[in-house]
Amino acid sequence: LGRDGTMRNRLVGEPAAGQAWVKSGSLNEVRSLAGYVDAASGRRQVVVAFINGPRAEMAPPVLDQLLRWVHAQA
């Protein structure tokens, strides 16, 4: 996250940057991501998110917030 691929420009300069290894995906009316996030507690968490609907292109900020939240967990 924040290093390469389609996620390279997301959460740059934030605490979660470099602490997640995720693959994003998109189709018409679908946005998704899956992977691992190292939480602040040191535990590695599995993350899977799938948003389906006519406004799915608006999903990246929601998915970013999910990654922030998982990273912040103790």
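Asker: Please clarify how the overall build of the protein chain should be interpreted in this entry.
Answerer: Broken down by element type, the protein chain carries 1 helix and 3 strands. For the protein chain, the α and β elements follow one another from N to C terminus as β-β-β-α. Computed over its C-alpha atoms, the radius of gyration of the protein chain comes to 12 Å, within 12% of the 11 Å expected for a compact globule of 74 residues. Expressed as lengths along the three principal axes of its C-alpha atoms, the size of the protein chain is roughly 35 × 20 × 15 Å.

Asker: Can you help me understand the sheet that holds strand S3 (residues 44–52) in this one?
Answerer: Two orientations exist for strands paired in a sheet by backbone hydrogen bonds: parallel and antiparallel. Spatial strand order, S1-S2-S3: 3 strands in an open sheet with antiparallel pairing. Since the sheet does not close on itself, it has two edges, and those belong to strand S1 (20–27) and S3, each with one partner. Averaged over all adjacent pairs, the angle separating strand axes in this sheet is 5 degrees, with direction ignored. Looking at chain direction, strand S2 (residues 30–38) and S3 are connected through 9 bridges and run antiparallel. Along S3, the bridge assignment pairs Ser32 with Phe50. Against the sheet, helix H1 (residues 60–72) engages S1, S2 and S3, with an angle of about 160 degrees to S3.

Asker: I tried to follow the side chain of Asp64 on my own but got confused; where do I start?
Answerer: Structurally, the position occupied by Asp64 is in helix H1. For Asp64, the residues in contact, after removing those within four places along its chain, are Arg10 and Leu11.

Asker: Help me out: how do you make sense of H1 in this one?
Answerer: Two residues of an α-helix separated by three or four positions point the same way, owing to the 3.6 residues in each turn. Between its first and last C-alpha, H1 extends 18 Å over 13 residues, near the 18 Å set by a 1.5 Å rise per residue. Leu63, Asp64, Leu67, Val70 and His71 are the residues of H1 that are buried. Down the axis of H1, the sector holding all buried residues measures 125 degrees, keeping them to one side. Facing away from the buried side of H1 by over 90 degrees, the exposed positions are Pro61, Val62, Trp69 and Ala72. Looking at the packing, one finds that the buried side of H1 touches S1, S2 and S3.

Asker: How should a nonpolar patch on the surface be read in this particular structure?
Answerer: A contiguous nonpolar surface patch, about 470 Å² in accessible area, is contributed by Trp21, Tyr36, Val46 and Val48. Position of Val48 among the secondary structure elements: in strand S3.

Criteria and cut-off values
Residues numbered from 1 in each chain as written. Predicted model: local features only at pLDDT ≥ 70, side-chain atom pairs only at ≥ 80, totals over all residues. Heavy atoms only, no water. Helix = DSSP H or I, 4+ residues; strand = E, 2+ residues; numbered from the N terminus. Rg over C-alpha atoms; globule rule 2.2 N^0.38 Å. Pairing = 2+ DSSP bridges. Axes fitted to C-alpha atoms, helices over the stretch in contact; angles between N-to-C directions. Contact = heavy atoms within 4.5 Å. Expected span 1.5 Å × (residues − 1). Buried < 20%, exposed > 50% of the residue type's maximum accessible area, 1.4 Å probe, protein only. Arc of directions from axis to C-beta. Patch = residues over 30% accessible without salt bridge, like charges linked within 9 Å, V, L, I, M, F, W, Y side chains within 5 Å. Areas by Shrake-Rupley, 256 points an atom, 1.4 Å probe, with all protein chains shown as cover. Salt bridge = Lys/Arg side-chain N within 4 Å of Asp/Glu carboxyl O.

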